Amino acid sequence: MIDFDVVVIGAGHAGCEAGYATAKLGFKTCLLTINLDVVGQMSCNPAIGGLAKGHIVREIDALGGLMAKVIDKTGIQFRMLNKSRGPAVQAPRAQADKVMYRLEMRKLLEETENLYLIQDIASEIVVKNGEVSKVILESGNVISCKKVIVSTGTFLGGKIFIGDKTYPAGRTNEIPSLTLADNLRDLGFELTRFKTGTPARVHKNSIDFSKMERQDGDVPPPFFSFNPPKREVEQIPCYLTYTNEKTHEIIFKNIHRSSLYSGLIQGVGPRYCPSIEDKLKKFPDRERHQVFLEPESRFTVEYYVNGVSTSLPVEVQYRYLRTIKGLENVEILRPGYAIEYFSISPLSLKVSLESKEIKGLYFAGQINGTSGYEEAAGQGLIAGINAALSLKDREPVVLGRDQSYIGVMIDDLVTKGVDEPYRMFTSRSEYRLLLDHYTADKRLMPIGYEVGLIDEETFKKMVDKYEKIDKYLNEVVSLSVKKVLREDFFSDFPSIDKSKVHTFEKLLKRPEVNFDVVSPYLKEEFKPDYSLEVEKAVKYNGYIEREFARVEKHKDLERVKIPEGFDYNISGLSREVREKLEKVRPVNLAQASRIPGVTPASISIIYLTLTKKRKK
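What comes next concerns the included structure. (Residues numbered from 1 in each chain as written. Predicted model: local features only at pLDDT ≥ 70, side-chain atom pairs only at ≥ 80, totals over all residues. Heavy atoms only, no water.)

Time to look at helix H4 (residues 98-110). Here H4 contains 13 residues, and its C-alpha end-to-end distance of 18 Å stays within 8% of the 18 Å for a straight helix at 1.5 Å per residue. What H4 keeps buried is the set Lys98, Tyr101, Glu104, Met105, Leu108 and Leu109. Mapping the buried residues of H4 onto a view down its axis gives an arc of 135 degrees, with all of them on the same face. (Helix = DSSP H or I, 4+ residues; strand = E, 2+ residues; numbered from the N terminus. Expected span 1.5 Å × (residues − 1). Buried < 20%, exposed > 50% of the residue type's maximum accessible area, 1.4 Å probe, protein only. Arc of directions from axis to C-beta.)

Moving on: helix H12 (residues 440-451). Since one α-helical turn is 3.6 residues long, residues separated by three or four positions face the same way. The terminal C-alpha atoms of H12, which comprises 12 residues, lie 16 Å apart, in line with the 16 Å expected from a rise of 1.5 Å per residue. Along H12, the positions that sit buried rather than exposed are Ala440, Asp441, Arg443, Leu444, Met445, Ile447, Gly448 and Val451. Along its buried surface, H12 packs onto helix H2 (53-63), helix H10 (373-391) and helix H13 (456-475). Among the residues trailing H12, Gly452 stands out with phi positive, at a value near 120 degrees. (Contact = heavy atoms within 4.5 Å.)

Pairing is possible between side chains that carry opposite charge, provided their charged atoms lie close to one another. Counted according to the given criterion, the structure contains 48 salt bridges. Ionic pairing is found between Asp5 and Lys146, a salt bridge with its closest N-O pair at 3.4 Å. Here Asp5 is found in the loop between strand S1 (2-3) and strand S2 (6-9), whereas its partner Lys146 is found in the loop between strand S10 (142-144) and strand S11 (147-150), with 141 residues between them in sequence. Residue Asp5 is classed as buried on the basis of its relative accessible area of 17%. The exposure class of Lys146 is partly exposed, given its relative accessible area of 45%. A salt bridge links Asp278 to Lys282, with the nearest nitrogen and oxygen atoms 3.8 Å apart. Of this pair, Asp278 and Lys282 both sit in helix H8 (residues 276-282), separated by 4 residues, roughly a single helical turn. For Asp278, a relative accessible area of 12% corresponds to the buried category. Linked through salt bridges whose partners overlap, the residues forming this network are Arg401, Asp411, Asp412, Lys416, Glu430 and Arg594. (Salt bridge = Lys/Arg side-chain N within 4 Å of Asp/Glu carboxyl O.)

With that settled, consider the pairing of strand S3 (residues 29-33). Of all 5 residues in S3, 5 are buried; the element is thus mostly enclosed. Every second residue of S3 is oriented toward a common face, with Thr29, Leu31 and Thr33 on one face and Cys30 and Leu32 on the other, all of them buried. Relative to S3, S2 runs parallel, the two sharing 4 bridges. By the bridge assignment, Val8 is partnered in S3 with Leu31. (Pairing = 2+ DSSP bridges.)

How two aromatic rings sit relative to each other is given by the distance of their centres and the angle of their planes. In the structure shown here, the tally under the stated rule is 12 aromatic pairs. Relative to Tyr543, the ring of Tyr540 has its centre 6.3 Å away and its plane inclined at 50 degrees; by these criteria the two rings are tilted. By relative accessible area, Tyr540 is classed as partly exposed at 24%. What makes Tyr543 partly exposed here is its relative accessible area of 45%. Here the aromatic rings of Phe566 and Tyr568 are separated by 5.0 Å at their centres, their planes lie at 80 degrees, and the arrangement is edge-to-face. Like Phe566, the residue Tyr568 is buried in the burial classification. Among the aromatic residues, ring-to-ring pairing joins Phe209, Tyr239 and Tyr303 into one connected group. Over the ring of Tyr242 we find Arg288; its NZ or CZ atom is 3.5 Å from the centre of that ring. (Phe/Tyr/Trp six-rings, centres within 6.5 Å; stacked < 30°, edge-to-face > 60°. Lys NZ or Arg CZ within 6 Å of the ring centre and 35° of its normal.)

In this structure the tally under the stated criterion is 0 disulfides. The thiol of Cys16 is unpaired, and the distance to the nearest cysteine sulfur, on Cys30, comes to 13 Å. When its relative accessible area of 1% is taken as the criterion, Cys16 is described as buried. With no disulfide of its own, Cys44 has Cys273 as its nearest cysteine by sulfur position, at a separation of 6.1 Å. Among the residues examined, Cys44 registers a relative accessible area of 19% and is labelled buried. (Disulfide = S-S within 2.5 Å.)

Each strand in a sheet pairs with its neighbour through backbone hydrogen bonds, running either in the same direction (parallel) or in the opposite one (antiparallel). The sheet built from 6 strands is open, its strands ordered S16-S17-S18-S19-S15-S20 with antiparallel pairing. The outermost strands of the open sheet, each flanked by one partner alone, are strand S16 (213-215) and strand S20 (332-334). For this sheet, the mean inter-axis angle between neighbouring strands, taken without regard to orientation, is 35 degrees. In terms of strand pairing, strand S15 (residues 201-203) meets strand S19 (residues 302-306) through 3 bridges, oriented antiparallel. Within S19, the position partnered with Arg201 by the bridge is Tyr304. (Axes fitted to C-alpha atoms, helices over the stretch in contact; angles between N-to-C directions.)

We now examine the environment of Arg578. Looking at the element boundaries, Arg578 is found in helix H20 (residues 575-584). Separated by 475 residues in sequence, Arg578 and Leu103 place their C-alpha atoms 50 Å apart. Each residue touching Arg578, except ones within four places of it in the same chain, is listed here: Tyr568, Asn569, Ile570 and Leu573.

Printed below as a string of structure tokens:
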């Protein structure tokens, strides 16, 4: 028997962050993987970030995780999305070199003290007196442990579908985890079949890029991490093309041969990442759909055909791909496929991502019903932090909905549950003006530092950054325009009425004015170190203050704690409301108020009951 403090089952994006966190915080950790060669593998698209997802990556970095550091070192194209819109919906995105990403991730993990990567398959989690005690492996080896984090991705009972062909796999041609699903069921977890899919990968030399729209990265590249690498990035372009009537005709004629529509697939698929078959069924009036050609690596000829995920037979994939402009002679290197896998109900978890029933057992990633690398990594980091804090007899980190998108995601999962794969969007947050990716460091780095994942030098650098921003906001923006800008500014911008913009702050609030415009006219002593952050603070100050007021109002409900084991058999609560409350077991009135079907009247009844009990 081998002794570890923590066993992490699965070395995908959730498992990598979880294993790194527990090891970095001082605990001997086993990161268990079916195949050491694909640690941190990108199973689907070769990209990190995007709307809301890019926010999560910045939050992971602020807490001390790995994803931002790895993509910054290995990205081959970087872009800031929605640059023309407000900061709340801007987001960084990067094309990854899939080969280098997993190699860099593995390198960082193997260099982490207390972390041991082991290739084997977990077949059983042994629970003794309501607490995890060991993990039994397929090889016959046994690992004793105090904490287990399950992050199996699509490998738990995974099954691949291509047309009428199906075979067990966690990823194409990679063996799945089968016996662990039965073990989790025996431990009392409700398992659900979910489905996702991936498009074909095609040969670079068979693509006619001249017929497509080229999309280049931003210069300089917008890196993700607080301490970005000093590297010159030779950015590789992506290309945009479209499906057409002929494409749709071939798919419709063969849709009965798709695993999804033939009845072979029983699992629920992701609403916001549908297959091309699903798109045509749900949007029959659309004449075309976007198709992005994305490079997978500097070192391979593979291109990812984003937008046409499918479970159609390979010969049909050839036929419809060759109707798309630029792909007339395309050669498929790997066919697209659908995959079914097991997930648990996240309603069985606490906000710490620990099981409500089994002490020391945590879950993170797709097994909790989410989709996406970033969502998985965010959960993995929190599960790892909380497993380590529990071993130190410290309270778990619980991120509020006003603190981070990771907090929004976890609260959604454990409060509302999922009936389809969950994907993060900025619209899921009621406080998204407070959660822009620019301020992730300010919001979350104090937590990462206090936990022990952020070093003192980085933390002091963040504190210094915001001291400079605050000083500029307090001492400069209220000054007169004449004092801050050279006299020739208004001569060059006659459309701006200088009688209405006496102060520099009022000038910056104008929608057509930003630091790019005023920078050439700024007197040297008034040039800020962090112009983007200053500009955002000035332009959105009123809205942000309003959001903070809403947060404070809602905190009244958060302060009313609901004791563990609270009896909801209260007069005035319907049976339906009681059942929902018993299933979720909210920790406070704020969480209870977010449970679907729990009315404001029900919250009032619970509050009165709690108040009476305290008085007694």
